[in-house]
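# Structure assessment
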Amino acid sequence: MAVSVGSIAQAVEEKAPRSWAEEWDNAGLLVGSYAQQVDKVLMVLDGTQEVVEEAVEVGAQLIMAHHPLMLKPLQNLRKDNRQARLPLALLQNHIAYYAAHTNLDQSEFSSSLNLANLAGVIQPELLSETAEQVYKIATFVPVADAETLRLSLARAGVGKGFASGAHGECYEECFFQVQGQGMFRAAEGADPAVGQVGELTRVEETRLESIVTERNLKRAVRVLLQEHPYEEPAYDVIRQETPGQSHGYGAVGELLEPMPLGVFWEEFLRKLPGLFAQDYDLSAVRVTGDMRQRIRKIAVANGSAGSMLPKALARGADLFITGDLSYHQVLDALEEGMAVIELGHFLSEIPMIQSLRDYLAARKEMSQVEWVISQKNKGLWARI
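Rules used throughout
- Residues numbered from 1 in each chain as written.
- Predicted model: local features only at pLDDT ≥ 70, side-chain atom pairs only at ≥ 80, totals over all residues.
- Heavy atoms only, no water.
- Core = buried A, V, L, I, M, F, W, Y, C linked by side-chain atoms within 4.5 Å.
- Buried < 20%, exposed > 50% of the residue type's maximum accessible area, 1.4 Å probe, protein only.
- Helix = DSSP H or I, 4+ residues; strand = E, 2+ residues; numbered from the N terminus.
- Contact = heavy atoms within 4.5 Å.
- pLDDT = per-residue confidence, 0-100.
- Axes fitted to C-alpha atoms, helices over the stretch in contact; angles between N-to-C directions.
- Parallel < 35°, antiparallel > 145°, perpendicular 65-115°, else oblique.
- Left-handed = near helix turned anticlockwise from the far one by under 90°.
- Nonpolar A, V, L, I, M, F, W, Y, C, P; charged D, E, K, R; others polar.
- Phe/Tyr/Trp six-rings, centres within 6.5 Å; stacked < 30°, edge-to-face > 60°.
- Pairing = 2+ DSSP bridges.
- Salt bridge = Lys/Arg side-chain N within 4 Å of Asp/Glu carboxyl O.
- Expected span 1.5 Å × (residues − 1).
- Polar contact = N/O pair within 3.5 Å; in protein donor to acceptor, adjacent residues only side chain to side chain.

Once that is clear, we can look at the nonpolar core. Within the largest apolar cluster, 56 residues are counted, with the highest numbers of intra-cluster contacts made by F264, F268, I298 and I321. Looking at which element gives the most residues to this core, the answer is helix α11 (residues 345–361), with eight residues. In this structure F268 touches L115, L118, A119, I321, I341 and L343, once residues within four positions along its chain are discounted. Among the nonpolar cores identified, the runner-up in size contains 18 residues, and V44, A65, M70 and Y97 belong to it.

Written out as structure tokens, the structure is:
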């Protein structure tokens, strides 16, 4: 049975909220409609002409990608505009395009975590960490309506997954409530749910309050205003100093036993093919550094991770595993005594598309959807 693009997007954003994406990023649904029905999804790293043609061939109604089609606004949708060709082709073939980019990089599906585990890192930590902002939301509602409103807010994400630490997502419907008496006088022109215009009305009310993450705040306020019985409900939104759950980029940690770089490199190359769902060309994977150097701590960052290099050095990493660095960035790493393994951008990021596919395919409500990893999207250098 087909599901909507919106349902798939919601499932992705439960684990990789769009609020985690960088300001310059363009994550989310970029082409198509949330209402569009889908029974086959093509999973890719990049949106290319070949990928669109493949989607048409396999009958996919949605392309789920890592890289956005457009990072800057299109000036027009003319066929002679190179930037407009793919959006036009998608629209003409009724194919939606959804991108999970920097938000996916910071999720549990991150390729950095996959690579750190493959490398043998014990209990990897985030290389660059950010705590999600948390807010307290509180309102006053007649006692008889309190439970209905509480459940509506809970469905909007209030009182869920706000705790820091390993078990933050294990708690739901975390609310506090206390009863008291509210009062108001409705002026001329009002349409009060309780009481009469011009009279001082006293109502037994429940103060209902909880915590909500920044990603769910707008939706929570919208639900509160829609579901509250009062014409003009009073509510507070208070920024909290206590941080919420952490997210971020990369991974860092130590091996169980230090080993020479040469030994690690041979073992890493032997295990690397098992990380991929397909037989990709691994000939471009390369290493540089002193092969006799003992490797104890490893930092990992998928993609073009030059900005993560200073953090890897600051954390005392002996080896940095990444997608790609510039010549001078590699030189800087070597000057500081840190070895480097470069996988290439594609190989360093495709594992999280595979992990995302596995997560979506395992969801009961999407069991009838076919999830296809692209056969044509194999990275730039594999084409030569």
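Having seen it, we continue.
What follows covers the confidence of the model for the protein. A residue-level look at the protein finds 96% of positions with pLDDT of 70 or above and a mean pLDDT of 91. Within the model, the stretch residues 163–168 combines pLDDT values under 50 with nine contacts to residues more than four positions away or in other chains.

As a further point, take the packing of helix α6 (residues 143–155) against helix α7 (residues 214–227). Viewed as axis vectors pointing N to C, α6 and α7 meet at an angle of 155°, and their least axial separation amounts to 9 Å. By the angle class used here, α6 and α7 are roughly antiparallel. The hand of the α6/α7 crossing is right-handed. Every residue of α7 that contacts α6 at L149, S152, L153 and R155 is listed here: R219, A220, V223, L224 and E227. Of the residues assigned to the contact of α6 with α7, the class counts are five nonpolar, one polar and three charged.

Describing an aromatic ring pair means giving the distance of the ring centres and the angle of the ring planes. Enumeration over the complete set of coordinates arrives at five aromatic pairs. Measuring from ring centre to ring centre gives 5.7 Å for F264 and F268, while their planes differ by 15°; the resulting arrangement is stacked. Of this pair, F264 and F268 both sit in helix α8 (residues 261–271), separated by four residues, roughly a single helical turn. Note on F268: relative accessible area 1%, which makes it buried. Geometrically, the ring pair formed by Y280 and F346 is edge-to-face, given 5.2 Å between the ring centres and 80° between the ring planes. With Y280 in the loop between α8 and β15 (286–288) and F346 in helix α11, the pair connects residues that are 66 residues apart, well separated along the chain.

Turning our eyes to something else, we now look at the sheet that holds strand β10 (residues 175–185). An order of β10-β11-β9-β12 is seen for the four strands of this open sheet, with the pairing classed as antiparallel. Both outer strands of the open sheet, β10 and β12 (235–239), are each paired with one neighbouring strand and no more. Across the sheet, the mean angle separating the axes of adjacent strands is 25° when strand polarity is ignored. Alignment of strand β9 (residues 134–142) against β12, held across five bridges, turns out to be antiparallel. Each residue of the ladder has a partner; that of T139, found in β12, is Y235. Of the strands in this sheet, β9, β10 and β11 (200–213) touch α6, which is tilted by about 150° from β9.

Taken N-terminus to C-terminus, the directions of helix α1 (residues 5–15) and α11 make an angle of 120°; their axes are 11 Å apart at the nearest point. Between α1 and α11 lies a crossing whose hand is right-handed. Residues I8, A11, V12, E14 and K15 of α1 pack against L356, Y359 and L360 of α11. In terms of residue class, the contact of α1 with α11 is built from six nonpolar, no polar and two charged.

What follows concerns the side chain of R150. Secondary-structure assignment places R150 in helix α6. Given a relative accessible area of 12%, R150 falls into the buried group. Once you skip the residues sitting within four places of it in the chain, R150 turns out to touch E173, F175, Q177 and L208.

On to the sheet that holds strand β16 (residues 294–304), then. Strands sit in the order β7-β14-β16-β17-β18-β15 across an open sheet of six strands; the sheet is mixed. At either margin of the open sheet sits one strand with a lone partner, and together these are β7 (121–125) and β15. On average, each strand axis in the sheet is tilted by 25° relative to the strand beside it, whichever way the strands run. Judged from the five bridges that link them, β16 and strand β17 (residues 319–324) form a sheet pairing that is parallel. Among the inter-strand pairings, V300 is bridged to a residue of β17, identified as I321.

Side chains that carry opposite charge are capable of pairing whenever their charged atoms lie near each other. Inspection of every chain in the model, using the stated rule, returns 16 salt bridges. Residue E108 is joined to K15 by a salt bridge in which the shortest nitrogen-to-oxygen separation is 3.6 Å. Of the two residues, E108 is situated in the loop between α4 (102–105) and α5 (111–119) and K15 in helix α1; the sequence distance between them amounts to 93 residues. For K15, a relative accessible area of 29% puts it in the partly exposed group. With a shortest N-O distance of 3.5 Å, E370 and K40 are connected by a salt bridge. Of this pair, E370 sits in strand β19 (residues 370–373) while K40 sits in strand β4 (residues 40–44), and the two are 330 residues apart along the sequence. Its relative accessible area of 42% is what places E370 among the partly exposed residues.

End to end, α7 covers 20 Å across 14 residues, agreeing with the expected 20 Å (1.5 Å per residue, within 8%). Along α7, the residues classified as buried are N216, L217, A220, V221, V223 and L224. Contact partners of the buried residues in α7: β9, α6, β11 and β12.

Right, let's talk about the environment of H228 for a bit. Turning to its location among the elements, H228 is positioned in the loop between α7 and β12. In this structure, the C-alpha to C-alpha distance between H228 and D145, residues 83 residues apart in sequence, is 8.0 Å. Beyond its immediate chain neighbours, meaning those up to four positions away, H228 contacts T139, F140, V141, P142, L149, V223 and P233. Within the structure, H228 has its side chain in polar contact with the backbone oxygen of F140 (distance 2.7 Å). For H228, the side chain forms a polar contact with the main-chain nitrogen of Y230, separated by 3.0 Å.

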